[in-house]
Structures are given as structure tokens and as C-alpha cells.
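Residue-level listing of the chains:
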Amino acid sequence: MSEELYKEMAQSIIDGDSDISTELAKKSIELKMHPLETITKGFVVGVNYIGDQFGLGEAFLPELVMAGEAMKAAIAVLEPELLKLGETRQMLGRVVLATVEGDIHEIGKTLVGTMLSASGFEVVDLGVDQPADNIIGKALEINADIIGMSALLTTTMVRQREVIEELDKEGLRPRIKVMVGGAPITRDWVTKIKADGYSEDAIGAVKIAKDLVGKGDQ
Amino acid sequence: MSSKTIKTISNPKLKLEVLTQEEVIKIHETTLQIIEKVGVRFPSKRALEIWEANGADVNYEKKIVRVKPHIIEDALKKAPPAYKLAARDPQQDLLLDGNHVNLGTDGCGVEVIDINTGEKRTSCLQDVRDIARIADATEEVAFHWVAVSAQDAPVEARGLHELKAVWENSTKHVQTESVYNVEEAKAAIEMAALIVGGKDKLRERPVLSLMQCTAPPLGHDGGSLDAALLAAEFGIPTGFMTMAACATTGPTTMAGNLVVGNAEVIAGTALLQLAYPGAPVFYAAAQTASDLRTGAYTGGGPEDFLFGAATNILADFYNIPLSMGSFATGAKEPNWQAGLEGSLSTFMASIVMSDMLLGCGFLHGSRIWSFAEMMLDCEIFCIIHKMMQGIEVNDETLAIDSIAAVGPGGHYLGQKHTRKHMRELFMPQFMDRRPYSEWETKKDDARDWAVSKARKTLKEHQPDPLDENISKEMDRIIKSVEK
């Protein structure tokens, strides 16, 4: 019975169907299945499959995003059940994401957030136009491992440096790692502001984040 | 040939119908429906108040306006269909009248392939000067965008340092895409006023125009809106550019993507007309498809080329000039891909007579400036310029006498008719038509010749200087913004 259901769960992720993944998550609770097993034996299998297909060039970014969202929807149902049991899901790390102050561009950053959560990171996305204090404050509040900052303008990307300088001043690095991104960001800039990681796209960002938390093999 | 000559495409013989009239109307009506039902985000207090005063449904909390179709349509009718972009040297003024395709430099990059070392590095103010100077001497370049970001200039006045650098090194029109807040816009207008002898002269001689990017899907940037409103007040031509990309910031289907981009542009344009009826405005677009593997803005490929042709049909429908993104390539160096994308995008945007083409010089999705690429792009523009003239058919071009004189066999090399018309044939600067053996000994190619030409131009060309007092005044204005 549960084997059949696990398969359906994986398929709901592969199809990127949040309605069905939510429904299946609820059903697993009714059936008193263990939420952690539901996640690992059911939904995660779908995420891994899509990830592999993407790696092979058979699946595309929209399918990854939709799989990530379907996964998120299922987890949202199962997480309270896990808490009731006093258990938590093993996460790869905590990430605070934001677009820096003065900048309202967020598509890339949002995409990074989706990819990171689908890959097992806990992500708090602060949104756009975020001053350094907000970003650092939130990172401290949730004990973040990584701060990820986006900027689309050469005039706002300097804010990335300000956040890093502030973190250094407060002695918060290397405890908190910093990754940056955005169209004008170059390798030279990353070196100059001494960021810990950088990727040109969302897929690459997941690998960087895993490396930064010492889980590059996962 | 005088260095003041500007080569533009005009009186085209080629035509292309990429959208039928019915299809254009369908796109227009869907756009109006989206603006009315879904709305467009205008994160500017001033913009929201203008919308409210003109009868739009304004949600101040979400900063979203929903507007009845007739308000948009009536506002758009007030926009002038044609006007000129003035240059520091009046003989280089440009007409945006639907019969001229004017090429600009692209912008706003963050890295430069150094003209001397060939190494890639971060862009700086000197690059802005060098590019402007070469563009000044290049007849295919009709006007400037700020090609690269002066990353060694202070952030709060960077856009102004860049403008001054271009004006000091060229007499051609400057359109900036790098002034996107009201403080800098105010200073930029003051700087432009110095060149024409007063702010009140700018309406007649706009030596500056402004391009503001929208924030797709269905949004604008607050600073951009305020800057655009200020520019419109002084008769500075202003356009909103959508870069909505299929599958990420716009729908995957091309028609849907046109609707999203169109909604952003015409809503922004209508706002300017509501605030300042009759203000010179233009439609601007650089729509493309996203890469399905990375989500990246591609700036090339067949969708991009079709958008290039389709957008001018929309701009024509609204009867306003168009600034069209062409030449953008994802290529990392001047190569097969760069040549392909530059050629097709520019051909498609030119055949429909886009008023402005943006622009030459970039690699890697408008991030890396290459002087070689700039020169090679200009040659592509020359080829398209020649193609757009089509084939002239009359007694002289039918060459009856010449054909009779040569007869069967023989050749035309000795004919007076040949001598008379031979210079009408296209002569490339950078195409390799040499004997194989010559190439074999040298192994050089277009890229080498292009960068040599740029180096020579930079070394030799002396632009007409900007009056020293004006430069000093500009410095004062910039200082006041830097505080």
C-alpha cells in the first residue's frame, strides 16, 4: 500500500503538481505513515529523479522549479507532524536571501531560493530592497549558515560589499558565509569584496551553497 | 568622406509582415485587458497620484494601478509620432520619423576586453571616454548609449560622470540608460542644458534622451519612473524598455510575452502623456527567450529575432518611435554565434524600420564590451544597410548596352558601365576574401583587423572639444550631487 503511495508522491513531484503532492501528504497523515519516511521514500525520490534528468539535459528549469514548489507544498503539510513527534528534518543548512538595498530585481534570487529549498536548505527570503541591518539581523535571528545577496545594478552591487564589511566588523565571519549573484557580478568583484561564493545561475548556486556548508558531496 | 557623416538606413525596399493587422489589434486589446484587470506596478508616489487624478484604480499599498482602456488609448494619442534627437553638432541630429534606422552603441556593460592587452577587466570611466571617442569617428554609430559602467566613479553620481565623458569625446546624441533616479536625472538635464544654452532650449534641441528599464513582469522601478517624469517635463525624449523574457519574466509563448512587455511599456508611456501631454516618448524593447537550462536572458536566437521585427509593428500601431535591442549576443568572444545573432537580430529589427538599434559592441549578454565586436557589428550594420536598399530596376541598372557590348563570352571588367557602378558593390572591411595561401601565412582574421581599426581610431581621432567652461560647469553640477 505505502509503496504504491510513495510512487504517487514521487510522481507528483516529477509532474510538478502542488495540489496532488499536498493531497498525498495529507493522505499519508490520515494513514498514520511516518512523516519522515513519507518525505524520504516518497517525495525526495521525485526531486532526485528530476534533478538527475536535469543533469542529463532531459528536464528543464521550469520542471525543476515546479518540482521544488510541489515539494515545498508537501513539506508544509508534513512539517507540523514532524514537530509533534519531536523530530526535525535533516537540513543542509540555513540561508538568508535578499536583494540589496536600492534594488528591486528579484527573479534570479527567488529562483535561487526555490532551488536551495528543493535541495534541502532552509531558506528565508527577505525579498527586495533590503538594508544590511535587516539581512544581518535575520541571519543572526535564525542562526544562518549562509547569507545570499543579489543585485542587478552596478550602483547597488556595492551594497554587497557593505554587508560583508559589516559582518567582518561584527566578527561574524567565517561563521556566516556569504554568496553573491546578479547580472553585473563578476569573478573580479567577488574576489574584491571577499565573498565566499558566487554563481552565475541558480543551479550553480546550489552547488556553491553545499560546498560552503561542507556538504558538497550531497 | 567627412568624419561627421552618419550612416543610417532609410527609404527601404525590403518589407516583412511579421504580424497581421488583426494580430496586432488582438495583442493590443489583450494588453489593455491585462492593464485593466491585472494591473501594472508603479512604485512611485508621484506616479500613483497622477494615475489616481486621471481616473485609474490605484492600490497604494501594493502600488498597483488598474486602468480603463480608454484612458490608456487617449493618453497614447497625445504622443508625438516623430521628432528629432539633437546632437552637440547639429549636422548630426537624428530623425525619429519611421524612415531612419539609427544605430547606437550598446550599454551598460560591466567588463571590457582591454583594447591593448586583450585581457578582460572591470570597466571604468576611461573606457566610457575611449568608446565614445571611437564611436564619434565611426559613421555607422549614430548615437551613444553609455556603453559601460564607470565603476571607478562614485555611485551617487556615476551616471553623470559617464554622461560628461561621452559629451567630452563626441558630438553625437547621447541616450543614457544609466540615470535612474530623480537626483541624477535633474543634474543630467542641467548638464544637457549647458550644451544648448538653457533648459528651455532642450525641448527644441534635446541633446540628451533617457531610456528606463521596466521591471517585468508588469512592473516599473520607482526611481526610473520619477526620472522619466522629470525628463518628460523638460521635453527630453524618454522611453521605457521591456526585457520580458519567455518562461521567466514573461509567458513562454511569444504572443503572451509581447503582451506583458507591451503592458509595461504602454502603461509607462501613457503615464508620461497624462503628466505632460505631447512629451516626446519612444517604445523600447529587448525581449527574448530565457535559456531553459539556466534561466538566463539569452539575447539571441530565433525568438529574439522575431521580437525584433514584431515590436516595431506595435510601436507603429501606437505611432511612436521604437528603440529596439539588437546585436545582443550570448557569445563569449567575437565568433560564429556573435556574427549570427548580430546579423539576424539587426536584420529583423531593420527591415521593419526600428528607429533606434541598440546596439553595437557587446559580448556575453551585454556584459562584456569588445572593441573588436563593436567594429564587426558596424560591418554587419553596413551589410544590412546595403541589403535594405534592395535591387534597383531601371534602364540604367538593366545595363542593356553593356550586355550587348560584351555579348556571349567575354567579361565586364573593361566596361564603362562597370566603372560607373562598381562602387555600389559592397566592399567589406573585415571579411576574409583573400587567397588561401595568404591566410595560411598570416593566420589572422576579422577580429584582428577589427581591433586594429579600433586602436588606430582611438589613437588618431580627435573629437571636437567640449567648451572648457561647460566642462567645468558640469563638474560643479556633478560635485553638488556627490555632496
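In the block above lies the structure referred to throughout.
Residues numbered from 1 in each chain as written. Chains lettered and ligands numbered in written order. Predicted model: local features only at pLDDT ≥ 70, side-chain atom pairs only at ≥ 80, totals over all residues.

Asker: Tell me about the overall build of chain A, and name the residues and values.
Answerer: Regarding its fold elements, chain A presents nine helices and five strands. Secondary structure of chain A in N-to-C order comes out as α-α-α-α-β-α-β-α-β-α-β-α-β-α. In terms of overall size, chain A behaves like a compact globule, its C-alpha atoms giving a radius of gyration of 18 Å where 218 residues would be expected to give roughly 17 Å. Oriented by its inertia axes, the alpha-carbon framework of chain A measures out at about 55 × 40 × 30 Å. Here the analysis covers contacts within chain A between residues at least 6 apart in sequence; of these, 73% occur between residues at least 24 apart. (Helix = DSSP H or I, 4+ residues; strand = E, 2+ residues; numbered from the N terminus. Rg over C-alpha atoms; globule rule 2.2 N^0.38 Å. Contact = placed C-beta atoms within 7 Å.)

Asker: Help me get a handle on the interface of chain B and chain A, residues and values and all.
Answerer: Contacts between the two partners involve 18 residues from chain B and, on the opposite side, 17 residues from chain A. For the side of chain B that touches chain A, the residue count by class is six nonpolar, seven polar and five charged. (Nonpolar A, V, L, I, M, F, W, Y, C, P; charged D, E, K, R; others polar.)

Asker: Residues and numbers for the nonpolar core, please.
Answerer: W51, A188, A231 and Y283 of chain B are the most contacted members of the largest nonpolar core, which totals 153 residues. A total of twelve residues in this core trace back to one element, the largest contributor, which is helix α8 (residues 254-275) of chain B. Excluding residues that lie within four positions of it along the chain, Y283 of chain B makes contacts with G239, V265, T269, L314, A315, Y318, I320 and L322 of chain B. In this structure, A10, I13, V47 and I176 of chain A belong to the second largest nonpolar core, which totals 63 residues. (Core = buried A, V, L, I, M, F, W, Y, C linked by C-beta atoms within 7 Å. Buried ≥ 20, exposed ≤ 12 C-beta atoms within 10 Å, placed from the backbone.)

Asker: Kindly report on helix α7 (residues 158-169) of chain A, identifying the contributing residues and their values.
Answerer: Residues and elements named next belong to chain A. End to end, α7 covers 17 Å across twelve residues, agreeing with the expected 16 Å (1.5 Å per residue, within 8%). Here α7 has its buried residues at R159, Q160, V163, I164 and L167. The buried residues of α7 occupy one face: seen down the axis, they fall within an arc of 145°. (Expected span 1.5 Å × (residues − 1). Arc of directions from axis to C-beta.)

Asker: An account of the sheet that holds strand β2 (residues 57-59) of chain B is needed here, citing residue identities and associated values.
Answerer: Strand order across the open sheet formed by three strands is β1-β3-β2 (chain B), with antiparallel pairing between neighbours. The sheet is open, and its two borders are formed by β1 (40-41) and β2 of chain B, each paired with just one other strand. (Pairing = 2+ DSSP bridges.)

Asker: Summarise the sheet that holds strand β5 (residues 197-198) of chain A; cite the residues concerned and give the values.
Answerer: Residues and elements named next belong to chain A. Taken in spatial order, the five strands of this open sheet run β2-β1-β3-β4-β5, and their pairing is parallel. Edge positions in the sheet fall to β2 (121-125) and β5, since each of these pairs with one other strand and no more. Relative to β5, strand β4 (residues 177-181) runs parallel, the two being bridged by two bridges. Each bridged residue has a counterpart across the sheet, and for V180 the counterpart in β5 is Y198. Packed onto the sheet, helix α9 (residues 202-212) meets β1 (93-99), β2, β3 (146-150), β4 and β5 and runs at close to 170° relative to β4. (Axes fitted to C-alpha atoms, helices over the stretch in contact; angles between N-to-C directions.)

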